[in-house]
Amino acid sequence: MDSFMLLLEGFSTALQPIYLLYALGGVFVGTAVGVLPGIGPAMTVALLMPITYALDPAAALIVFAGIYYGGMYGGSTTSILLNTPGESSSIVTALEGNKMAKAGRGAAALATAAIGSFIAGTIATVLLSFLAPVIAELAVGLGPVDYVALMVVAFLTVGALLGASVLRGLASLGLGLFIGLIGIDDSTAQQRFTFDNPTLVDGVDMVLVAVGLFALGEALYVASKLRHGPVEVIPVSKGKNAWLSKEDWKRSWKPWLRGTFIGFPIGTVPAGGADVSTFLSYAAERKLAKGANKAQFGKGAIEGVAGPEAANNAAAAGVLVPLLTLGIPTTATAAMMLTAFQRYQIQPGPLLFENQGALVWTLIASLYVGNLMLLVLNLPLVGLWVKILQIPRPYLYAGILVFAALGAFSVNFAATDVGILLVVGILGYFMRRYGYPVAPMVVAMILGPMFEVQLRRSLQLSQNDPTALFSSPFAVVVYAAMALIFVASWWLRRRQAALEAVTVKDEVSV
Amino acid sequence: MSASATTSAKRPIGEILFALVFVSVGAAGLLTAGSIPIPPSETGIGPRAFPYIVCGLLVIVGTGIVVQVLRGKVGQAEEGEDLDVTAKTDWVALAKLVGFVILHIFLIEPAGWPVAAAVLFSGAAWSLEAKPLWRAILISVVLALVLQYLFGGLLGISLPPGPLLEGVPFFHG
């Protein structure tokens, strides 16, 4: 119950009027930017980082909590209302949500997504509040060997499992690790790969790489194949029939809960975050649906929106568990959050709850607040989100370029940083063009230096005996779990391929 | 997926070149990692080991991709909401955008951030065929001034206002 008191203390900070205002601002801006097509949650956090530079740590974390959830939710609005598929974590939502919108049930789809996100987010945040302190306590006892094991799992799942091509994922991972090496070695203070260039001595800033890959790279890629002409947004019908009917509620509440309990565990283990959980939830709902409801799958089944949306948000909260307690980011968005924390000298990890307890609990409390605000804010503002969706594309991408340049420049107030941004952006363009996932690069860049420190420490303790890496029972369990995850993912991939084949067949037959 | 089929005849050359970028970064790293100084007090694996591992990985994985592409397994280009996957790559628009970012970089110091930002925005909008042009320019000026006021004035981020706006107090914090 100790953590309960601390949580209440967190609330007492987060509920101060000025912080409530920050939370509202964060949620609003996060959703507005997240709604923009092509902008995923990671890019939202990266692009909005400059906003928080001038805030105190508590306010900044509150704004980030809002941006994190808001960006996540904004994506689902996009995939329901736009005629084309959205970012990866909400593509599954698009399968059914888009069909619902076309059938004039857009408002119901948005509502089940919003309420599902709220319920899942709230339950998952409760789980986070109770689980995180426990795990942090356990994690204090972990040695360098255990961290090496955890990070190997994070690397391999992010790099090899999540993309369409294992080799391209690993290439992206390797490049991220390489960029992470540039600068001064933490352990010996020697320069590595700096080529005596003064800008490289401090290393390449994470913000430059993230904004370059996500914002500039994406803008260049879209620009190269821009769909010209007016933007087609599916109109949201108003009126009594459009809102959730009794039947809709009945069909939604179970998928919400199932999605939550699928999403949260998947988010907490470094096994893929949001994408995997939404797919699993969709597959589960499709399987569990009966009769006429089952026949609706592929034509706008509300379960297919409710479940994955809940899973997505629950996973987003789950991802915060390893991030806060172990300091290990398992998604690109988490890597961005970690970067934001580090700017405020906040080092996530087992000691975070001891050293900066007040801040962490304020952050967790603001997750509850942000979630509630999203629910209140989102549905009434649908009209505004639709307007945002309709921004003419030349202005939209020009604006993204300006914001990216602003973000890069404000890291050190050096125009050369914008040059680095451009180089990374061009790299990001080609990575998209040739099917390389960018997320592994971002995660590797931030995890790589931490991994090296732990690896060298473990080997130093064992007088360079590599078998020591398997000496702790915890590490052995982690490696065994990793083997299991790989087998499971191989099986899932086959399932996913089968499901996609079925969906395509459905579309053809319609 | 249909895009990769239609353009695959032309694609592998660029794709192989890009995979070779990974190989050459790795190779360059392997060649230079040997010159990282090792302090005499070092008893562990030292500052060179991890660079060797990472660069080795890049060389191996990059080579693997080249082999895959040569065997006909090309990458799957990313899809997106605003993308016309069947369209040909618009290299002219890309070159214009990159050019305007470079121009922006060189304008920040001498002309100030708002001018540089307005040039970047209107240039990018023009490259993406925004019509009419005067509206893009108007938006760019308003946007640049609002951002300068918000970030430079209100949030206290030191964006250089430039000679034009130097005398206006609310543009810097």
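Residues numbered from 1 in each chain as written. Chains lettered and ligands numbered in written order. Predicted model: local features only at pLDDT ≥ 70, side-chain atom pairs only at ≥ 80, totals over all residues. Heavy atoms only, no water.

A.B. asks: Run through the overall build of chain B, naming residues and quoting values.
C.D. replies: Looking only at helices and strands, chain B has 7 helices and 0 strands in total. From first element to last, N terminus to C terminus, chain B shows the α and β order α-α-α-α-α-α-α. In terms of overall dimensions, chain B has C-alpha extents of about 60 × 55 × 25 Å along its principal axes. Taking all 173 residues of chain B together, the buried fraction comes to 43%. Counted over contacts in chain B with a minimum sequence separation of 6, partners at least 24 positions apart contribute 52%. (Helix = DSSP H or I, 4+ residues; strand = E, 2+ residues; numbered from the N terminus. Buried < 20%, exposed > 50% of the residue type's maximum accessible area, 1.4 Å probe, protein only. Contact = heavy atoms within 4.5 Å.)

A.B. asks: Explain helix α2 (residues 17-35) of chain A to me, using residue names and the numbers behind them.
C.D. replies: All names here are of chain A. Counted at 1.5 Å a residue, the expected span for α2 with its 19 residues is 27 Å, and the 27 Å between its end C-alpha atoms agrees. Residues of α2 that are buried include every one of Tyr 19, Ala 23, Gly 26, Val 27, Gly 30, Thr 31, Ala 32, Val 33, Gly 34 and Val 35, and no others. Considering only its buried residues, α2 is in contact with α1 (2-14), α3 (41-52), α4 (57-81), α16 (357-378) and α17 (382-389). (Expected span 1.5 Å × (residues − 1).)

A.B. asks: I'd like a rundown of the interface of chain A and chain B, residues and numbers included.
C.D. replies: The partner chain B presents 79 residues to the 77 residues of chain A that form the contact. Roughly 6,800 Å² is buried in total at the junction of chain A and chain B, and carbon and sulfur atoms are behind 72% of that figure. Together, A:Lys225, A:Tyr395 and A:Tyr434 form the three largest contributors to the area buried by chain A at its contact with chain B, with a combined 11%. Seen at the junction of chain A and chain B, the total is 1 salt bridge. In this structure, B:Glu15 engages A:Arg168 in a salt bridge whose closest nitrogen and oxygen atoms are separated by 2.7 Å. One can count 5 residue pairs in polar contact (both at pLDDT 80 or more) joining chain A with chain B. Of all the elements, helix α18 (residues 393-412) of chain A adds the most residues to the side of chain A that touches chain B, at 14 residues. (Buried area = accessible area lost by both parts, 1.4 Å probe. Salt bridge = Lys/Arg side-chain N within 4 Å of Asp/Glu carboxyl O. Polar contact = N/O pair within 3.5 Å; in protein donor to acceptor, adjacent residues only side chain to side chain.)

A.B. asks: Please provide a residue-by-residue account of the pattern of salt bridges, values included.
C.D. replies: Residue and element names in this part refer to chain A. For the structure on display, the rule yields 9 salt bridges over all chains. A salt bridge links Asp 185 to Arg 192, with the nearest nitrogen and oxygen atoms 3.5 Å apart. On the basis of relative accessible area, Asp 185 is assigned to the buried category, the value being 2%. Taking the relative accessible area as the measure of exposure, Arg 192 reaches 3% and is therefore buried. Linked by salt bridges that have partners in common, Asp 185, Arg 192, Glu 452 and Arg 456 make up one network.

A.B. asks: Before we move on, can you summarise the side chain of A:Ser165 with the specific residues and values?
C.D. replies: Mapped onto the secondary structure, A:Ser165 falls in the loop between α6 (144-161) and α7 (166-181). In terms of polar contacts, A:Ser165 uses its side chain to reach the backbone amide nitrogen of A:Arg168, at 3.2 Å.

A.B. asks: Explain the nonpolar core to me, and be specific about the residues and the numbers.
C.D. replies: Within the largest apolar cluster, 216 residues are counted, with the highest numbers of intra-cluster contacts made by A:Val418, A:Tyr436 and B:Trp113. Taken domain by domain, this core gets at least three of its residues from each of domain 1 (2-70) and domain 2 (91-171) of chain B. The residues contacting B:Trp113, other than those within four sequence positions of it, are A:Val402, A:Leu406, A:Phe409, B:His104, B:Ile108, B:Ala144, B:Leu147, B:Gln148, B:Leu159, B:Pro160 and B:Pro161. Core analysis: the second largest hydrophobic core is formed by 5 residues, A:Val92, A:Tyr282, A:Ala289 and A:Ala301 among them. (Core = buried A, V, L, I, M, F, W, Y, C linked by side-chain atoms within 4.5 Å. Domains from an automatic or database assignment.)

A.B. asks: Tell me about the environment of B:Val21, residues and numbers included.
C.D. replies: Take B:Val21: it is sitting in helix α2 (residues 11-33). Through-space distance from the C-alpha of B:Val21 to that of B:Gly75 is 15 Å; in sequence the pair is 54 residues apart.

A.B. asks: A description of the side chain of A:Ser366 should follow, citing residues and the corresponding values.
C.D. replies: All names here are of chain A. Structurally, Ser 366 can be placed in helix α16. Note on Ser 366: relative accessible area 3%, which makes it buried. When sequence neighbours within four positions are dropped, the list of residues in contact with Ser 366 reads Ala 14, Ile 62 and Ala 65.

A.B. asks: Any details on the packing of α4(A) against α16(A)? Residues and values, ideally.
C.D. replies: All names here are of chain A. Viewed as axis vectors pointing N to C, α4 and α16 meet at an angle of 40°, and their least axial separation amounts to 8 Å. What the angle tells us is that α4 and α16 run oblique. For α4 against α16, the interelement crossing comes out right-handed. Contact residues: Pro 57, Ala 58, Leu 61, Ile 62, Ala 65, Tyr 69, Gly 70 and Tyr 73 in α4; Leu 359, Thr 362, Leu 363, Ser 366, Leu 367, Asn 371, Leu 374 and Asn 378 in α16. Its residues assigned to classes, the contact of α4 with α16 shows 11 nonpolar, 5 polar and no charged. (Axes fitted to C-alpha atoms, helices over the stretch in contact; angles between N-to-C directions. Parallel < 35°, antiparallel > 145°, perpendicular 65-115°, else oblique. Left-handed = near helix turned anticlockwise from the far one by under 90°. Nonpolar A, V, L, I, M, F, W, Y, C, P; charged D, E, K, R; others polar.)

A.B. asks: Give a description of the packing of aromatic side chains that names residues and reports values.
C.D. replies: If you walk through the whole model with that rule in mind, you get 24 aromatic pairs over all chains. Ring centres of A:Phe155 and A:Phe451 lie 5.2 Å apart, and the angle between their planes is 80°; this geometry places the pair in the edge-to-face category. Taken together, the residues A:Phe155 in helix α6 and A:Phe451 in helix α20 (residues 439-461) connect sequence positions 296 residues apart. The residues A:Phe155 and A:Phe451 share a single accessibility class, namely buried. Ring geometry for A:Trp249 versus A:Trp256: centroids 5.7 Å apart, planes at 90°, classification edge-to-face. Taking relative accessible area as the criterion, A:Trp256 reaches 3% and is therefore assigned buried. Ring-pair connections join several aromatic residues into one group, and the members of that group are A:Tyr221, A:Tyr429, A:Phe430, A:Tyr434, A:Tyr436, B:Phe18, B:Phe22 and B:Trp91. Looking at A:Arg168, its charged tip hangs above the ring of A:Tyr436, at a distance of 5.7 Å from the centre. Above the face of the B:Trp126 ring, B:Lys96 is positioned so that its terminal group lies 4.5 Å from the ring centre. (Phe/Tyr/Trp six-rings, centres within 6.5 Å; stacked < 30°, edge-to-face > 60°. Lys NZ or Arg CZ within 6 Å of the ring centre and 35° of its normal.)

A.B. asks: Before we move on, can you summarise unusual backbone geometry with the specific residues and values?
C.D. replies: For residues besides glycine, phi is generally negative; the peptide bonds are generally trans as well. In this structure, the amide linkage connecting B:Lys131 to the following residue, B:Pro132, adopts the cis form with an omega of -10°. Locating B:Pro132 in the fold gives a position in the loop between α5 (113-127) and α6 (133-154). In the Ramachandran plot, A:Phe193 falls in the positive-phi region, its phi being about 50° despite a non-glycine side chain. Structurally, A:Phe193 is set in the loop between β2 (191-192) and α8 (198-201). On the basis of relative accessible area, A:Phe193 is assigned to the buried category, the value being 6%. Positive phi outside glycine occurs at A:Asp196, with the angle close to 55°. Within the element layout of this structure, A:Asp196 appears in the loop between β2 and α8.

A.B. asks: Could you give me a rundown of the environment of A:Ala408, with the residues and numbers involved?
C.D. replies: Residues and elements named next belong to chain A. Along the chain, Ala 408 turns up in helix α18. A relative accessible area of 0% means that Ala 408 is categorised as buried. For Ala 408 and Val 418, which are 10 residues apart along the polypeptide, the C-alpha to C-alpha distance reads 5.5 Å. Residues contacting Ala 408, with those up to four places away along its chain left out, are Leu 208, Asp 417, Val 418 and Leu 421.

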